[in-house]
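Here is how the chains run, residue by residue.
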Amino acid sequence: MTETSGSLVIDVLQDPAVMLGFNVAQWNSCLYEARVNSLTGRLAAEARDQGLWDRLPERVQDIFLSAEIDAQSRQRRLMWELNRIRRALFGFEEPIVVLKGGAYIARDLTAATGRVSSDVDIMVDRKDLETVEQMLLDAGWVHSVEDDYDQRYYREWAHELPPLYHPDRGMTVDVHHTILPLTGRLTVDALKLLAEIEPVDGNLYTLSPEDMLLHSAVHLFHDGVIAVSLRNLLEQHDMISEFARMEGFWDRLLDRTDELGLGRPLFYCLRYCALILGTAVPGEVLEKTGCYAPNALVLGMMDRMVPLVMKPPTSRLFQIASKILYMRSHWLRMPAGLLVKHLATKSLRRLRGETH
Amino acid sequence: MTTQGLALEVGPFVTQVRILFPNIREEFCHLYGGYPAWPEGAIANNHLSVYGRNFYRRYIKPQACVDTMMKDAFIPLPAELGMVATEMGLNWQIAVGCKNLLLFHAGVVEKNGRVVIMPAASGSGKSTLAAGLSFAGWRLFSDEFGLADIDTGEFVPYPRPVSLKNESIPVMKDWAAPGTTFSPEYHGTPKGTICYMRPPAESINRMYERAGAGAVILPSFRPGATPEIKPITRSMAFFKLVMSSANYGDIGERSFRVMTEIADKAACCEIIYPNLEEGIKLVERFMSETAGAGDD
């Protein structure tokens, strides 16, 4: 290897054959980084698909086999949980929209390759939220958040119900009614999302391809903490690469972004996918989304921090950048007054030793 | 072991172990001396760090935190129990993270190429019985983790130090060959007093030699009982194996095939024994009675 991105996992994702030249130290760095980012299963899938498996060190084959089986079993369990949810919601005829990992699996997208997802995320119309919650509670799910403050946090400010947990199967379902917190600086009209959903089977749906990508971008660049999220950037890369083969994808994406008012997250998504993972984004698309860029100062900071926190979490700079990005994510999530109140409540609780 | 850590190899796993407390490090090296280690590094299946929660907690009422990189939520233990925390972390990594081998919560020993699997809940005496057998001509595969290849069904040795609890500590100190390495006794752990024992050198030296299943024996330690071998059906053996497995469902079809093969081939019984010596006799007796009858 002559040139490296500073992340062996990114190097492997771009050219899986580089694995064949790894020495022990490189394997350990690569596997450590993959573990931190929950990407071991993905690397295993790359090795399998590219026919490299048999030429890997035996111990790596063991580690990959373990990760491969783990990913398969988790995906199987996730789909089974979805099956159980549909059974619990028997009689509820409105669309159930499966989001994130479950959607990638249901649609058999590249983004599901070797992916380990543990929660099921579904979305229903807000007016049906209580019905769905009650039906799940009746069927044996329980609230995993008992605390009054946390319950209120979800119900008043978040974009989902407090997580529901199934004690027998150990799985959690998040029931969303939109894709962004109600308190945030960006909000999305859920009805617009629901207007474009695409059927999978019966009343099970996924978002449209454009909305799936936008959801992931919003989740990572607006609502998320960004650090240690290489997996999410990769799923965007996968979706872009896969959807771009569909006629008219880019035009639909740009129109939709405008309609939903999600220009900034899309701008970041395309910029950093291209910059970090070498995603093929047409020049004119990058140009057109240029109008969604933040000011030069913010962009300069994001350009420094985002690539840094996608790399192995070993440097001091990584710690600083993730802290800044963590604060940014809270800043974007709620208005200042609420943020201060929220952080004060959480810190007080920590001081009292109520949580670890 | 302070900065990069040490690559320790036990059976099919290499763990990069990093311990930031000198006392725990010393106890660890004492117990694991005799196992292959790779100071210059080896590809690691797992990483384990034992560290103080913060600067203050490293020196005042020190607490050892364990990070297994596997969504653990271990409550930190006082540093003097750090070795217990370390062993719990190593167990957790296998119990939760190993999916490439079929995993049984069982004591496993081997003699003459026939593996005996003793699946049982904690407290049934399987650790003690497996450890006892390892000083009576048997090779210890593991006192706790039976591992089987998911293609061939062969058992894979994983001779970690044996974890002895409460009353079994003096029993084993009495039974073990002279010169056997024991850790200090750790009092007041969540499971009472714990002491670790390094398996016989033979078991460690031959830890890459696999062997096929010969018998499934369900051990039942009952003080004061008359020693007894009770027949059990193959289906019962199958279900006991399934129930003892942590990753049977995760592996799916391949584990079903392997499990069926084991339950088909292995002789099976339940033994009831009042003490270690009688337990060993029963295993020996059952194995010689069924010798050559492996595929009835």
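Residues numbered from 1 in each chain as written. Chains lettered and ligands numbered in written order. Predicted model: local features only at pLDDT ≥ 70, side-chain atom pairs only at ≥ 80, totals over all residues. Heavy atoms only, no water.

What about the overall build of chain B?
From N to C terminus, chain B includes ten helices and 16 strands. Overall, chain B is about 60 × 40 × 30 Å in size when its C-alpha atoms are taken along their principal axes. Out of the 296 residues belonging to chain B, those deemed buried represent 58%. Taking all contacts inside chain B whose residues are at least 6 apart in sequence as the whole, residues at least 24 apart take part in 69%. Accessible surface, chain B as shown: approximately 12,400 Å² in total, 55% of it carbon and sulfur. (Helix = DSSP H or I, 4+ residues; strand = E, 2+ residues; numbered from the N terminus. Buried < 20%, exposed > 50% of the residue type's maximum accessible area, 1.4 Å probe, protein only. Contact = heavy atoms within 4.5 Å. Areas by Shrake-Rupley, 256 points an atom, 1.4 Å probe, with all protein chains shown as cover.)

A few points about the interface of chain B and chain A
Taken residue by residue, the interface counts 25 residues in chain B and 20 residues in chain A. Between chain B and chain A, a total of about 1,800 Å² is buried, with carbon and sulfur atoms accounting for 53% of that surface. Taken as a group, Ile43(B), Met69(B) and Asn100(B) account for 36% of the area that chain B buries against chain A, more than any other trio of residues on that side. Where chain B touches chain A, the interface holds one salt bridge. The tally of links between chain B and chain A comes to ten residue pairs in polar contact (both at pLDDT 80 or more). With three residues, the top contributor of residues to the side of chain B that touches chain A is helix α8 (residues 248-251) of chain B. In the side of chain B that touches chain A, the residues fall into eleven nonpolar, nine polar and five charged. (Buried area = accessible area lost by both parts, 1.4 Å probe. Salt bridge = Lys/Arg side-chain N within 4 Å of Asp/Glu carboxyl O. Polar contact = N/O pair within 3.5 Å; in protein donor to acceptor, adjacent residues only side chain to side chain. Nonpolar A, V, L, I, M, F, W, Y, C, P; charged D, E, K, R; others polar.)

What about the environment of His222(A)?
Checked against the element boundaries, His222(A) lands in the loop between α9 (209-221) and α10 (230-243). In this structure, His222(A) is in contact with Leu180(A), Arg185(A), Leu186(A), Ala217(A), Pro265(A), Ser329(A) and Leu332(A), ignoring residues within four places of it in sequence.

Focus on the packing of aromatic side chains
Residue and element names in this part refer to chain A. Taken as a whole and assessed by the stated rule, the structure comprises 18 aromatic pairs over all chains. On the numbers, 5.0 Å between centres and 80° between planes, the contact of Phe 22 with Trp 27 is edge-to-face. Take Phe 22 and Trp 27: they sit in the same class, and that class is buried. Residues Phe 221 and Tyr 268 carry aromatic rings whose centres are separated by 5.7 Å and whose planes lie at 40° to one another, so their mutual orientation is tilted. Of this pair, Phe 221 sits in helix α9 while Tyr 268 sits in helix α12 (residues 263-277); the two residues are 47 residues apart in sequence, bridging distant segments of the chain. Joined through ring pairs, the aromatic side chains of Phe 22, Trp 27, Trp 53 and Phe 64 make up one cluster. (Phe/Tyr/Trp six-rings, centres within 6.5 Å; stacked < 30°, edge-to-face > 60°.)

Description of the nonpolar core
Phe64(A), Leu136(A), Val175(A), Ile117(B) and Phe155(B) are the most contacted members of the largest nonpolar core, which totals 132 residues. With 35 residues, the next largest nonpolar core counts Ile19(B), Ile24(B), Ala85(B) and Ile204(B) among its residues. (Core = buried A, V, L, I, M, F, W, Y, C linked by side-chain atoms within 4.5 Å.)

Some remarks on the sheet that holds strand β3 (residues 37-38) of chain B
All names here are of chain B. Taken together, the six strands give an open sheet; going across it, the order is β3-β1-β2-β4-β5-β6, and neighbouring strands pair in mixed fashion. Looking at which strands have only one partner, the edges of the open sheet turn out to be β3 and β6 (77-78). Here strand β1 (residues 6-10) runs beside strand β2 (residues 13-19); their pairing, made up of five bridges, is antiparallel. Following the sheet pairing, Val 10 is matched in β2 by Phe 13. (Pairing = 2+ DSSP bridges.)

Notes on the pattern of salt bridges
Counting across every chain of the model gives 28 salt bridges over all chains. Among the ionic pairs, Glu9(B) bridges to Arg59(A), the shortest N-O distance being 3.4 Å. Of the two residues, Glu9(B) is situated in strand β1 and Arg59(A) in helix α4 (residues 58-88); the pairing between them involves two chains. Considered together, Glu9(B) and Arg59(A) belong to a single accessibility category, that of buried residues. One salt-bridge network, in which partners are shared between bridges, spans Arg42(A), Glu46(A) and Asp238(A).

Focus: empty space enclosed by the protein
One pass over the structure, following the stated rule, counts four cavities of 30 Å³ or more. Roughly 70 Å³ of internal volume is contained in the largest cavity. In terms of lining residues, the largest cavity is bounded by Ser38(A), Leu39(A), Arg42(A), Ala111(A), Thr113(A), Gly114(A), Arg115(A), Arg231(A), Leu234(A), Glu235(A) and Asp238(A). Per-element accounting of the lining of the largest cavity gives the leading share, four residues, to α10(A). For the lining of the largest cavity, the residue count by class is three nonpolar, three polar and five charged. In this structure, the second largest cavity spans a volume of roughly 50 Å³. Along the walls of the second largest cavity sit Ala64(B), Cys65(B), Val66(B), Phe74(B), Ile75(B), Pro76(B), Leu77(B), Ala85(B) and Met88(B), which together make up its complete lining. Counting only elements with at least two residues in the lining of the second largest cavity, the list comes to β5 (63-67) and α3 (82-97) of chain B. (1 Å grid on protein atoms, 1.4 Å probe; cavity = no way out; pocket = protein on both sides within 12 Å on 5 of 7 lines; lining within 4 Å. Points joined across faces, edges and corners; volume = space filled by probe spheres on them.)

A look at unusual backbone geometry
Residues and elements named next belong to chain A. The phi dihedral of Lys 100 is positive, around 50°, even though this residue is not glycine. By the secondary structure assignment, Lys 100 is in helix α5 (residues 100-106). Despite not being glycine, Asp 108 shows a phi value in the positive range, around 55°. The residue Asp 108 is located in the loop between α5 and β2 (119-123) in this model.

Re the packing of α10(A) against α12(A)
Residues and elements named next belong to chain A. Here α10 crosses α12 at 100°, and the two axes come no closer than 10 Å. The orientation of α10 relative to α12 falls into the category roughly perpendicular. In this structure, α10 contributes Leu 230, Leu 233, Leu 234, Gln 236, His 237 and Ile 240 to the contact, and α12 contributes Cys 269, Leu 270, Tyr 272, Cys 273, Ile 276 and Leu 277. Taken together, the residues of the contact of α10 with α12 break down into ten nonpolar, two polar and no charged. (Axes fitted to C-alpha atoms, helices over the stretch in contact; angles between N-to-C directions. Parallel < 35°, antiparallel > 145°, perpendicular 65-115°, else oblique.)

Looking at α12(A)
Residue and element names in this part refer to chain A. With 15 residues, α12 should cover 21 Å at 1.5 Å per step; its first-to-last C-alpha distance of 20 Å lies within 8% of that length. Most of α12 is tucked away: eleven of the 15 residues are buried. All buried positions along α12 are accounted for by Gly 263, Pro 265, Leu 266, Phe 267, Tyr 268, Cys 269, Leu 270, Tyr 272, Cys 273, Ile 276 and Leu 277. Among the residues trailing α12, Gly 278 stands out with phi positive, at a value near 65°. (Expected span 1.5 Å × (residues − 1).)

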